[in-house]
Amino acid sequence: MALDAVYWTKFVVGMGYGVLAAWLAASNPTPLITYLLIIGAALLYVIVAEVFWRLFDKKLRRRQSYLNGLGGYAGMFLLVWILMYNLFAGA
């Protein structure tokens, strides 16, 4: 149960940050903002994983908290960022 909550929360956070990153990148198209957004995505992932590890520390090991949902977060973040960036930049 705890692993499902971790996975889906990271999935939704990846979608939300992808939309925000696309909007910020489209409104300020410089390479620096792109690098900062990617670093921000990594930091956000670490923060979310750490929060879940602290909330469910009796049920999850730290490694499980970090690895569970990594692919879903990264894939959804990149997919949403690319799609939304094309929509925002084309408008």
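Note: the structure precedes this text.
Residues numbered from 1 in each chain as written. Predicted model: local features only at pLDDT ≥ 70, side-chain atom pairs only at ≥ 80, totals over all residues. Heavy atoms only, no water.

Asker: Which parts of the structure should I look at to understand the overall build of the protein chain?
Answerer: The helix and strand tally for the protein chain stands at 4 helices and 0 strands. For the protein chain, the α and β elements follow one another from N to C terminus as α-α-α-α. Overall, the C-alpha framework of the protein chain stretches about 45 × 20 × 15 Å when taken along its three principal axes. Scored against the burial criterion, the 91 residues of the protein chain give a buried share of 31%. (Helix = DSSP H or I, 4+ residues; strand = E, 2+ residues; numbered from the N terminus. Buried < 20%, exposed > 50% of the residue type's maximum accessible area, 1.4 Å probe, protein only.)

Asker: Teacher, can you tell me more about the environment of Gly-75 here?
Answerer: One can find Gly-75 in helix α4 (residues 70-90). Remark: the alpha-carbon pair of Gly-75 and Gly-14, spanning 61 residues in sequence, is separated by 8.1 Å.

Asker: How should I be thinking about the nonpolar core in this particular structure?
Answerer: Here is a general trend for soluble globular proteins: nonpolar side chains tend to be buried in one another's company. Tyr-17, Ala-21, Ala-22, Ala-25, Ile-33, Leu-37, Ala-41, Tyr-45, Ala-49, Tyr-73, Phe-77 and Trp-81 form the largest nonpolar core, which has 12 residues in total. Elements that contribute at least two residues to this core include exactly α1 (2-27), α2 (31-55) and α4. Broken down by element, the residue count for this core peaks at 5 residues, all from α2. (Core = buried A, V, L, I, M, F, W, Y, C linked by side-chain atoms within 4.5 Å.)

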